[in-house]
Amino acid sequence: MGTAFQRKAASRVSEGGGLRLIIRLARQPPWLIGIAGVIGAALFQALALANGPLSLVQPLFILELPFALMIAVPLLHRRLSRAGWQAVAGVVAGLGLVLLAAAPSGAQSDASMERWIPVLIACLGSVAVAVVVARPGRPPLFRAAVLGAASAISNALTAALLKSSVGTLRDDGFAAFLGVWQTYGFALTGIAAVLLLENALQAGPLAASQPALTIGDATLSLVLGVTLFDETIRTGWWLLPELIGAGVVLWGVLRLTRVVPHLADMAH
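Here is what the cut-offs are and how they apply
- Throughout this description, residue numbers start from 1 for each chain and increase along the sequence as written.
- Local features in this predicted model are restricted to residues of pLDDT 70 or higher, and side-chain atom pairs are both shown and tallied only at a pLDDT of 80 or more, whereas totals for entire chains, interfaces and linings draw on every residue.
- To get the side-chain values, take all heavy atoms of the structure and skip hydrogens and water.
- For the purposes of this entry, the term helix denotes a DSSP run of H or I that reaches at least four residues, the term strand denotes a run of E that reaches at least two, and both are numbered from the N terminus.
- Relative accessible area decides the class of each residue, using a 1.4 Å probe on protein chains only: under 20% of the type maximum gives buried, over 50% gives exposed, and in between gives partly exposed.
- The Shrake-Rupley method, run with a 1.4 Å probe sphere, supplies the accessible areas, and residue values consider only the shown protein chains as cover.
- Salt bridge criterion: a side-chain nitrogen from Lys or Arg within 4 Å of a carboxyl oxygen from Asp or Glu.
- Predictor confidence is given residue by residue as pLDDT, running from a minimum of 0 to a maximum of 100.
- Whether two residues touch is decided by their heavy atoms; if any such pair falls within 4.5 Å, the residues are in contact.
- Put simply, two rings from Phe, Tyr or Trp (the six-membered ring, in Trp's case) pair if the centres are within 6.5 Å, and we call them stacked under 30 degrees between planes, edge-to-face over 60, tilted for the rest.
- In this description, a line fitted to the C-alpha atoms serves as the axis of each element, helices being fitted only across the stretch in contact, and the angle between N-to-C directions of two axes falls anywhere from 0 to 180 degrees.
- By the definition adopted for this analysis, an angle is roughly parallel if under 35 degrees, roughly antiparallel if over 145, roughly perpendicular if from 65 to 115, and oblique otherwise.
- Less than a right angle of anticlockwise turn of the near helix away from the far helix marks a crossing as left-handed, whereas a clockwise turn marks it as right-handed.
- Gly is put with the polar residues, along with every residue not named as nonpolar or charged; the nonpolar set is Ala, Val, Leu, Ile, Met, Phe, Trp, Tyr, Cys and Pro, and the charged set is Asp, Glu, Lys and Arg.
- To qualify as a nonpolar core, a set must consist of buried Ala, Val, Leu, Ile, Met, Phe, Trp, Tyr and Cys residues joined through side-chain atoms within 4.5 Å.

### Focus on the overall build of the protein
- The helix and strand tally for the protein stands at 12 helices and two strands.
- Taken from N to C terminus, the helices and strands of the protein fall in the order α-α-α-α-α-β-α-α-α-α-α-α-α-β.
- Here the protein holds 268 residues, and 47% of them are scored as buried.
- For the protein, the accessible area works out to roughly 12,900 Å², and carbon and sulfur atoms hold 71% of it.

Given below as structure tokens:
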């Protein structure tokens, strides 16, 4: 819901970027509804991360893509074709197969600074490069995809920091929660993720930014779960259905990318 309403608001703003874009969007009721959706998602995300591994919780965000399209289609007065619905079904079925086969597990919520430092350098450095590469003047599809990927990296890092801080809250209480750097880290990276998403949605179509956002978030979160928190997934012959499921998800996302720009007007 948050993504769909933010896209509706962003489509009304033809110029501007950065903080100026946020100021313009904040004057629009659809954007405020979208932000309410983002806040609600963050609260449920925190609960999920407190009770399950990062490598399970974050890949579920792939479902944001079909849900965003299903909400955005009537919101933007469009109609999703039969091929579009088939692609949505493919994304959902593929994700289910991947998670069923991988069976992510792990209960750890803390990591040493020796693990955090290279993760922070890699993630923040990648976001900085993406922002520079996606400067104004580049093709809209390119800018939307790159900024969407940067938002995905920020989202995955935010989730890892959130999982660590929520674990501290659960185990040691609110005072300890306020005393760890991860709490302030996830607040900053979360704001950065929202800012990057707004600019991605304003730079180009949802079909360009949303796949990069959802797939990038899920993939990097799985990597962070394994490297930071020692989470595990099944390997061996289980890799075969995992790869098949990932392929179905990729097919569905690419299919949606081709279908969505040609959505028929509901009035027709």
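### A look at the pattern of salt bridges
- One pass over the structure, following the stated rule, counts two salt bridges.
- Arg115 is paired through a salt bridge with Asp230; the nearest N and O atoms lie 3.0 Å apart. With Arg115 in helix 7 (residues 113-133) and Asp230 in the loop between helix 11 (206-229) and helix 12 (239-259), this residue pair connects regions lying 115 residues apart in the sequence.
- Note on Asp230: relative accessible area 41%, which makes it partly exposed.

### Remarks on the confidence of the model for the protein
- Looking at the protein as a whole, the pLDDT averages 84, with 90% of positions reaching at least 70.
- Across the protein, the secondary-structure element scoring lowest on mean pLDDT is strand 2 (residues 264-265), at 42, and the one scoring highest is helix 7, at 94.
- Segment residues 263-268: pLDDT under 50, and 15 contacts once partners within four positions in sequence are set aside and those in other chains are kept.

### Description of the packing of aromatic side chains
- The final tally for this structure, using the stated rule, is four aromatic pairs.
- Relative to Trp181, the ring of Trp116 lies with its centre 5.4 Å away and its plane at 80°, an arrangement referred to as edge-to-face. Separated by 65 residues along the polypeptide, Trp116 in helix 7 and Trp181 in helix 10 (residues 181-203) bring together distant segments of the chain.
- When its relative accessible area of 0% is taken as the criterion, Trp116 is described as buried.
- Judged by relative accessible area, Trp181 falls into the partly exposed class, the value being 34%.

### Looking at the packing of helix 7 against helix 8 (residues 140-172)
- Direction vectors running N to C along helix 7 and helix 8 enclose 155°, while the axes themselves pass 9 Å from each other. Looking at the two axes, helix 7 sits roughly antiparallel to helix 8. Handedness of the crossing formed by helix 7 with helix 8: left-handed. The residues of helix 8 that touch helix 7, namely those facing Trp116, Val119, Leu120, Cys123, Leu124, Ser126, Val127, Ala130 and Val133, are Phe142, Val146, Ala150, Ile153, Ser154, Leu157, Ala160, Leu161 and Ser164.
- Along the lines of polarity and charge, the residues of the contact of helix 7 with helix 8 split into 15 nonpolar, three polar and no charged.

### Description of the packing of helix 8 against helix 10
- Interaxial distance between helix 8 and helix 10 falls to 8 Å at its minimum, and their mutual angle equals 160°. As judged from the angle between their axes, helix 8 and helix 10 are roughly antiparallel. Read as a crossing pair, helix 8 and helix 10 show a hand that is left-handed.
- Residue composition of the contact of helix 8 with helix 10, by class: 14 nonpolar, 13 polar and one charged.

### Focus on the nonpolar core
- Core analysis: the biggest nonpolar cluster contains 32 residues, and Leu54, Trp116, Leu157, Ala160, Leu224, Leu228 and Phe229 have the highest contact counts within it.
- At the level of secondary structure, the elements contributing two or more residues to this core comprise helix 3 (29-51), helix 4 (54-57), helix 7, helix 8, helix 10 and helix 11.
- Apart from residues no more than four positions distant in its own chain, Phe229 is found in contact with Leu54, Gln108, Ser109, Asp110, Ala111, Arg115, Trp116, Ala160, Lys163 and Leu224.
- By size, the runner-up hydrophobic cluster in this structure holds 14 residues, among which are Ala87, Val88, Val91 and Val249.

### Remarks on unusual backbone geometry
- Despite not being glycine, Ala103 has its phi angle at roughly 45°, a positive value.
- With respect to the helices, strands and loops of the structure, Ala103 is situated in the loop between helix 6 (82-102) and helix 7.
- Residue class for Ala103 comes out partly exposed when judged on its relative accessible area of 31%.
- The phi angle at Asp230 is positive, at roughly 55°, despite the residue not being glycine.

### So, the environment of Leu224
- Topologically, Leu224 is positioned in helix 11.
- On the accessibility criterion, Leu224 (4% relative accessible area) is buried.
- Separated by 105 residues in sequence, Leu224 and Val119 have C-alpha atoms that sit 8.0 Å apart.
- When neighbours within four sequence positions are excluded, Leu224 is seen to be in contact with Leu54, Val119, Ala156, Leu157, Ala160 and Phe229.

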